[in-house]
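Overview (structure and organization)
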Amino acid sequence: PEFVAGPAVRVAALDELSGEWAQQTFTYQGRPCTALHLPAATSGSLEAGGQHYAAYSRICTHLGCTVNLVRDTEVLAFSFNYRPPDGQPKLGCPCHFSVFDPLRAGEAVFGKARAPLPRVRLEQRGQALWATGIEAAPPPGS
Ligand code: FES
């Protein structure tokens, strides 16, 4: 889907997201979202100061529960029954254990969800990250 432009909303100062996998949750156009400091670029991510950031809707594309960042790959292995091949954190849904990959543009990589998490467009303004648009949500269950 395309980004739908929306109001500019300040998400976080860059130094509040220092360190790989630092996270700031926020609300954008009524949708719970998360901004992540990634260890590498992905489609739709923002490079700022040589670092990579991406933001996603946290609304699971299976049936709409709220996904969380799961940093501990042992939790992914034992609670979700999913071992990330890259050993990196993922976004996981507590309802039916779908897993989404923030390093692959929010793609659904495990479980019942099929559609990726909608991406939020990030922009750098001064020393802060702002959200300025979001992809349309897929229909539930897609
Ligand atoms: Fe997220 Fe079902 S609502 S896996």
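To be clear, the structure that these remarks concern was listed above.
The rules we used
Residues numbered from 1 in each chain as written. Predicted model: local features only at pLDDT ≥ 70, side-chain atom pairs only at ≥ 80, totals over all residues. Heavy atoms only, no water. Salt bridge = Lys/Arg side-chain N within 4 Å of Asp/Glu carboxyl O. Helix = DSSP H or I, 4+ residues; strand = E, 2+ residues; numbered from the N terminus. Buried < 20%, exposed > 50% of the residue type's maximum accessible area, 1.4 Å probe, protein only. Disulfide = S-S within 2.5 Å. Pairing = 2+ DSSP bridges. Core = buried A, V, L, I, M, F, W, Y, C linked by side-chain atoms within 4.5 Å. Contact = heavy atoms within 4.5 Å.

We now examine the pattern of salt bridges. By the definition in use, this model includes 6 salt bridges. We note a salt bridge from R119 to E135, for which the minimum N-O separation is 3.0 Å. Residue R119 is located in strand β10 (residues 119-125), and its partner E135 is located in strand β11 (residues 128-135); the two are separated by 16 residues in the primary sequence. Of the two residues, R119 and E135, neither departs from the other in class, the shared state being buried. Here E123 ties to R125 by a salt bridge, and the two come within 3.4 Å at their closest N and O atoms. Via salt bridges that share partners, D86, K90 and D101 belong to a single interconnected network.

Attention now goes to the state of the cysteines. According to the stated counting rule, one finds 1 disulfide in the structure shown. The thiol sulfur of C33 is not disulfide-bonded, and the nearest other cysteine sulfur, from C60, lies at 14 Å. On the accessibility criterion, C33 (1% relative accessible area) is buried.

We now examine the pairing of strand β3 (residues 31-38). The buried fraction of β3 amounts to 7 of the 8 residues, a majority that puts the element mostly inside the structure. Bridge analysis of strand β2 (residues 23-28) against β3 gives 6 bridges, and the strand direction is antiparallel. Residue T27 lies in a different strand from β3, and its bridge partner there is P32. Taking the residues between adjacent antiparallel strands as the criterion, β2 and β3 are bridged by 2 residues, where Q29 takes a positive phi near 50°. Where β3 and strand β5 (residues 51-57) come together, 6 bridges link them in antiparallel fashion. The partner of L36 across the bridge, within β5, is A54.

Okay, the nonpolar core next. Among the nonpolar cores identified, the biggest contains 18 residues, and V11, L17, F26, Y53, V120, L122 and L129 are the most heavily contacted of them. Counting only elements with at least two residues in this core, the list comes to β1 (3-13), β2, β3, β4 (46-48), β5, β10 and β11. Here the element with the most residues in this core is β11; it accounts for 3 residues. Ignoring sequence-local partners within four residues, the contact set of V11 consists of Q24, F26, A35, L122, L129, W130 and A131. Judged by nonpolar contacts, the second largest core, of 15 residues, contains L38, A54, V67 and A108.

Glycine aside, a negative phi is what most residues show, and trans is what most peptide bonds show. A positive phi angle, near 50°, is found at Q29, a position not held by glycine. Along the polypeptide, Q29 turns up in the loop between β2 and β3. In this structure, F97 is a non-glycine residue whose phi angle is positive, near 65°. With respect to the helices, strands and loops of the structure, F97 is situated in the loop between β7 (90-92) and β8 (99-101). F97 gets classed as partly exposed once you look at its relative accessible area, which sits at 33%.

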